[in-house]
Amino acid sequence: EVQLVESGGGLVQPGESLRLSCVASGFTFDNFVIGWFRQAPGKEREGVSGIKSDGSTYYADSVKGRFTISSDNTRNTVYLQMSSLKPEDTAVYYCAVDLGVVGMTAAQVMNYGMDYWGKGTLVTVSS
């Protein structure tokens, strides 16, 4: 059973920071891509950031320079540090995993489709 549990969402003012966590279980923590996606009301889901088991990363243009993805393999956890938050960052944030990744970048995997999804955590950026 693969399970992903997000946490860390909340209400913040523009310019503030949040750190999201995704705790993964049910699979060996190698040969994977874990990605963060978000969906705002009335908008399509978009890929935000991803990390591959080899440490390579991907960021959407809208978050480059503001968000940082990292992993703690001993804790089977992936983090998304979000800084300089904007109202347009408001969304439900989901983490997802693709297993058995071979020969593809994190961006390619996130575009292709993920295997398992968490339930999401809500981030609201508002004054």
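See the structure shown above.
In short, a report on the structure. Everything numeric in this text was worked out from a predicted model, so none of it was measured. (Residues numbered from 1 in each chain as written. Predicted model: local features only at pLDDT ≥ 70, side-chain atom pairs only at ≥ 80, totals over all residues. Heavy atoms only, no water.)

Considering the environment of Ser-71
With respect to the secondary-structure elements, Ser-71 resides in strand β7 (residues 67-72). Owing to a relative accessible area of 31%, Ser-71 belongs among the partly exposed residues under this scheme. Spatially, the C-alpha atom of Ser-71 lies 7.8 Å from that of Ile-51, the residues being 20 residues apart in sequence. Sequence-distant contacts of Ser-71, defined by excluding residues within four places in its chain, comprise Ile-51, Thr-77 and Val-78. Separated by 3.3 Å, the side chains of Ser-71 and Asn-73 make a polar contact. (Helix = DSSP H or I, 4+ residues; strand = E, 2+ residues; numbered from the N terminus. Buried < 20%, exposed > 50% of the residue type's maximum accessible area, 1.4 Å probe, protein only. Contact = heavy atoms within 4.5 Å. Polar contact = N/O pair within 3.5 Å; in protein donor to acceptor, adjacent residues only side chain to side chain.)

Quick look at the sheet that holds strand β1 (residues 3-7)
An order of β1-β3-β8-β7 is seen for the 4 strands of this open sheet, with the pairing classed as antiparallel. Among the strands making up the open sheet, the edge pair consists of β1 and β7. Shown here is a sheet whose adjacent strand axes are inclined to one another by a mean of 15 degrees, direction ignored. (Pairing = 2+ DSSP bridges. Axes fitted to C-alpha atoms, helices over the stretch in contact; angles between N-to-C directions.)

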